[in-house]
Amino acid sequence: MGLPGLVLLLLAAGLLRAQPTAPARSFQLDYEHDCFLRDGVPFRYVSGSIHYARVPRPAWRDRLLKMYMSGLNALQVYVPWNYHEPLPGLYNFAGDRDVEAFLDLTAELGLLVILRPGPYICAEWEMGGLPAWLLWQSDIVLRSSDPAFLAAVDSWLHVLLPKIKPRLYQNGGNIISVQVENEYGSYYACDYNYLRHLLGSFRALLGSEVLLFTTDGAQAEELRCGTLQGLYATVDFGPGSNLTEAFGAQRGVEPRGPLVNSEYYTGWLDYWGGTHASTSATQVARGLADMLRLGANVNMYMFHGGTNFAYWSGADLKAQYKPVTTSYDYDAPLSEAGDPTEKLFAIRTVISQFQPLPAGPMPPATPKYAYGQVDLRKYADLLDVLDVLSPSGPIRSQFPLTFEAIKQTHGFVLYHTQLPHDVPAPAPLSAPPHGICDRGYVMLQKEYQGTLERDGQSTLPVTGRAGDALDVLLENMGRLSFGANFSDFKGLLGNLSLDSSPLSNWLIYPLAIDAAVQQGWPHAALPQPSSRGRSGPAFYTGTFETPGIAWDTFVKFPGWSKGQLWINGFNLGRYWPRRGPQQTLFVPGSVLRVGCPNNIMVLELEGAPPSPFLLFLDQPLLNSTLSPSTWTAG
């Protein structure tokens, strides 16, 4: 008798116990009991949103640990396509963009993940996460079954989803569910063929067992266009909503299964020119408790908001263009700098009534330091360093070209021409309706004349002589991230006119400011001869040292107008104290250096104070807005 036969004989005689096979890992829907099943056992998640793209990598562990210690058993995270594929076929998953390292860290800390890989994510992120290079084909129909769009999406998913598959729960990882698209019912296209295509791609690349879902607002019309058979439909709503109505809307498309609020709003975003959003901790905690009592699964959006560094903030179109601030603090339970707030502890108390909290204290706020005043000097006017900022030189065109037409995604483009004739008396320099996207800084003979603005001032009076240099610096303030249709082209979208006569013969300079800064400019360059103290776009530089340790800090811009800040080559984002509400930018300690000077560069667009300096504080100022009547001045 062979060994297998002997084993069978002993089993039959009861002399050898059969070892139970470990149950296969699974995360499924239970339609009979209206819940999720994790490894066959009823499961409910209490989750929070965090965006790795808005948090410097050295801070990931701190933020995730604080989320875990708040009592969350899961987190929800977006993957911004444009953050990883800046140009077609050029992928970046290094450093702050290492999404695999981020996901592995969540697993190490014992958090499950609800992944939202798009391809569209909204998130108040530049173009909702879609790459601006899609608009190089000007007639493309975004978020539809347009073959050009689907081809780009498929290429991206074939790169991203194989990184995700090993980390799915059923494959031994911690990703319990994956969202397909995002709030599609709020988009005009209502293209079911597009959703079916995505469903097929996700299934092909991730397998048949992964739980796929959609999220939409709790309105019947949104759910009609945003849902598809084969994708579990969830809803999103804030603390002021009627729970019966909101979950009733979900039940309209999912009569059985778990109740899920995929975005329970703990706060809200800020727009330039508005006030800092605020939602009471009591109201947020009460709404959370009400949902948990119903047995619902809840993800809090945001649990930690972070920062729109560089040019990553998006915009909304609500009657007019509304760009999002650099801070994405969101009045969230963890502040922009990752500090626990009163709201976090109120939420933690609620969670403790429904499931046990991890043992141990909440990690404290990170230390902050007020480095004080740092004096700057003017380095150069922007018009005097075009050879550095646009090394490839200008593009000649009879009429202006958009950012997309010259393959510039973010930042700035300079448009140069000459006055065609004498203008002895003030004549209007004007842009057609919707012709400025998003702000144009006008210089005549290198003298700053003022600003043209999308949905704002579209005419400036100018005088001059034939042949005088006319320069218009165009700033992209962020592409639309939400709304009916956001093919949001940037730059001069129409021709400028002088006294109703179209201007022509343009030189168009794509500006690669960040590339120059990352190569050490201007600190590694020779000092420029001192520029005259004129206003308009100019660079300012300075240095400061940290006293032995590099701590987080916040930088204020006393007397400055609007611009962009870099420290040690890192683009910290846009400042705009004249419009507010945000008055300080968050500077993570990981950006700073110890034992050598920290290099500051500021691009001021309208006008710096006579004695330019920055003020480094140990706390943020996020809510100080000038009255709207002052906006037109600058």
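As annotated in an unreviewed UniProt entry, the chain is Galactosidase beta 1 like from Anas platyrhynchos platyrhynchos. The annotation that UniProt attaches to the chain under Sequence similarities (unreviewed entry) is "Belongs to the glycosyl hydrolase 35 family."

Peer 1: I'd love a proper account of the side chain of Asp-381, names of residues and values included.
Peer 2: Relative to the helices and strands, Asp-381 resides in strand E15 (residues 377-381). According to the relative accessible area criterion, Asp-381 is buried, its value standing at 3%. At 2.9 Å, the side chain of Asp-381 forms a polar contact with the side chain of Lys-378.

Peer 1: Give me the pattern of salt bridges: which residues, what numbers.
Peer 2: Scanning all chains against the criterion turns up 29 salt bridges. Of the charged contacts, one joins Lys-66 and Asp-62 as a salt bridge, the two residues approaching to 3.0 Å between their closest N and O atoms. Placement of the pair is Lys-66 and Asp-62 together in helix H2 (residues 60-69), with a separation of four residues, close to one helical turn. Where Arg-479 meets Glu-404, a salt bridge forms, and the shortest distance between an N and an O atom there is 2.8 Å. Here Glu-404 lies in the loop between strand E16 (395-397) and strand E17 (412-418) and Arg-479 lies in the loop between strand E23 (469-475) and strand E24 (480-482), a separation of 75 residues in the sequence. Glu-404 carries the same exposure label as Arg-479, and that label is buried. Bridged by salt links that share partners, the residues Arg-439, Glu-453, Arg-578, Arg-579 and Glu-606 form one connected network.

Peer 1: Give a detailed account of the sheet that holds strand E21 (residues 447-453), specifying residues and quantitative values.
Peer 2: Spatial strand order, E16-E28-E17-E23-E20-E21: six strands in an open sheet with antiparallel pairing. The sheet terminates laterally at E16 and E21, the two strands that pair on one side only. Ignoring strand direction, the axes of neighbouring strands in this sheet form an average angle of 25 degrees. Sheet topology note: the E17/E23 ladder contains seven bridges and is antiparallel. Note that in E23 the partner of Tyr-415 across the bridge is Val-472.

Peer 1: Hey, could you go over the state of the cysteines for me, with residue numbers and the actual values?
Peer 2: Throughout the structure, instances matching the rule amount to one disulfide. In this model, Cys-190 is linked to Cys-225 through a disulfide, with the two sulfur atoms separated by 2.0 Å. Of note, the bridge from Cys-190 to Cys-225 carries an S-S torsion of about -90 degrees and is left-handed in sense. In this pair, Cys-190 sits in the loop between strand E7 (175-179) and helix H6 (192-206) while Cys-225 sits in helix H7 (residues 220-226), placing the two residues 35 residues apart along the sequence. Exposure class is identical for Cys-190 and Cys-225. Each is buried. Here Cys-437 is not cross-linked by a disulfide; its sulfur's nearest cysteine counterpart is in Cys-122, at 19 Å. A relative accessible area of 4% places Cys-437 in the buried class.

Peer 1: Summarise the packing of H2 against helix H4 (residues 99-108); cite the residues concerned and give the values.
Peer 2: To describe two helices that pack against each other, one gives the angle between their axes and the distance between the axes. Contact geometry of H2 with H4 gives a least axis separation of 10 Å together with a crossing angle of 40 degrees. At the point where H2 passes H4, the crossing takes the right-handed sense. Between H2 and H4, the contacting residues are Trp-60, Arg-61 and Leu-64 on the first element and Ala-101, Phe-102, Leu-105, Thr-106 and Glu-108 on the second. For the contact of H2 with H4, the class distribution of residues is five nonpolar, one polar and two charged.

Quick notes on the rules
Residues numbered from 1 in each chain as written. Predicted model: local features only at pLDDT ≥ 70, side-chain atom pairs only at ≥ 80, totals over all residues. Heavy atoms only, no water. UniProt positions renumbered as here; feature names shortened; annotations may be inferred. Helix = DSSP H or I, 4+ residues; strand = E, 2+ residues; numbered from the N terminus. Buried < 20%, exposed > 50% of the residue type's maximum accessible area, 1.4 Å probe, protein only. Polar contact = N/O pair within 3.5 Å; in protein donor to acceptor, adjacent residues only side chain to side chain. Salt bridge = Lys/Arg side-chain N within 4 Å of Asp/Glu carboxyl O. Pairing = 2+ DSSP bridges. Axes fitted to C-alpha atoms, helices over the stretch in contact; angles between N-to-C directions. Disulfide = S-S within 2.5 Å. Left-handed = near helix turned anticlockwise from the far one by under 90°. Contact = heavy atoms within 4.5 Å. Nonpolar A, V, L, I, M, F, W, Y, C, P; charged D, E, K, R; others polar.

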